[in-house]
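The primary structure of each chain is shown beneath.
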Amino acid sequence: LPKEIFINKGTARIANTDRKVVFDLYDLNGKVLQYTPENGVPISVIWGYNKTLPIAKLENVSYNSISPANINTLQSISNNGSERDLLLALNGLRSSFPQAMVSTYTYKSLIGMTSFTDSRGISLFYDYDDFNRLSFELWETIGMYISGRNGAFIYISDSVISNRLILNTIVV
């Protein structure tokens, strides 16, 4: 498994100053658990869904500073729990590391990503049609219009029920 990435232009010899990424820690399956870019800030990745997909990326957090019990809980929920339970647990992880930039991800098995929450806490939800094609992307931003795949315009109201937005659909 790679330990470092160097980038060098031209024919000059590779030097330590050409180091761009150091891979600090891998799991037993070869998944990167922690890497450090050239700025020196560690980035940790928590793998879920039977350790096949990333469910959290924590910038400015070393992997060893994340509680193994917390990691195991998140992985267990991603394997066997509901998406709502996983979203709540991932929000708890975000709260545990206020100094970090935490991005989180959820998925629908064999289909694709169902949500992405960036380090600012802004979520993007994905919906799929009966043929498992991406049919809609929804930004969790109150009071704006967005468009879906079918050409419908959606107005996002300020009502929220169980972490999902109530939508008023206007077909144009």
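Residues numbered from 1 in each chain as written. Predicted model: local features only at pLDDT ≥ 70, side-chain atom pairs only at ≥ 80, totals over all residues. Heavy atoms only, no water.

**Overview of the pairing of strand E8 (residues 123-128)**
The buried fraction of E8 is high, at five of six residues. The sheet contact formed by strand E7 (residues 112-117) and E8 spans three bridges and is antiparallel. Note that in E8 the partner of Phe116 across the bridge is Leu124. Hairpin geometry of E7 and E8 is characterised by an intervening segment of five residues between the two adjacent antiparallel strands and by a positive phi of about 90° at Gly121. (Buried < 20%, exposed > 50% of the residue type's maximum accessible area, 1.4 Å probe, protein only. Helix = DSSP H or I, 4+ residues; strand = E, 2+ residues; numbered from the N terminus. Pairing = 2+ DSSP bridges.)

**Observations regarding the nonpolar core**
A general feature of soluble globular proteins is that nonpolar side chains tend to end up buried together. Membership of the largest hydrophobic core comes to 23 residues, with the highest contact counts inside it found for Ile46, Leu58, Ile66, Leu74, Leu93 and Phe97. Listed by contribution, the elements that provide at least two residues to this core are strand E4 (43-48), strand E5 (53-59), helix H1 (68-80), helix H2 (83-96) and strand E6 (101-108). (Core = buried A, V, L, I, M, F, W, Y, C linked by side-chain atoms within 4.5 Å.)

**Examining the pairing of strand E2 (residues 19-26)**
For strand E1 (residues 4-6) and E2, the ladder comprises three bridges, and the chain directions are antiparallel. Pairing of Glu4 across the sheet is with Val22, part of E2. In the sheet, E2 pairs with strand E3 (residues 32-37) via five bridges, with the strands oriented antiparallel. Within E3, the residue paired with Tyr26 across the bridge is Val32. Between E2 and E3, which follow one another and run antiparallel, lie five residues, and Gly30 among them has a positive phi close to 85°.

**Here's the deal with unusual backbone geometry**
Although it is not a glycine, Leu110 adopts a positive phi angle of roughly 65°. Residue placement: Leu110 occurs in the loop between E6 and E7. Of the residues examined, Leu110 reaches a relative accessible area of 88% and is grouped as exposed. The backbone of Asn132 shows a phi angle near 65°, a positive value even though the residue is not glycine. Inspection of the secondary structure assignment puts Asn132 in the loop between E8 and strand E9 (134-139).

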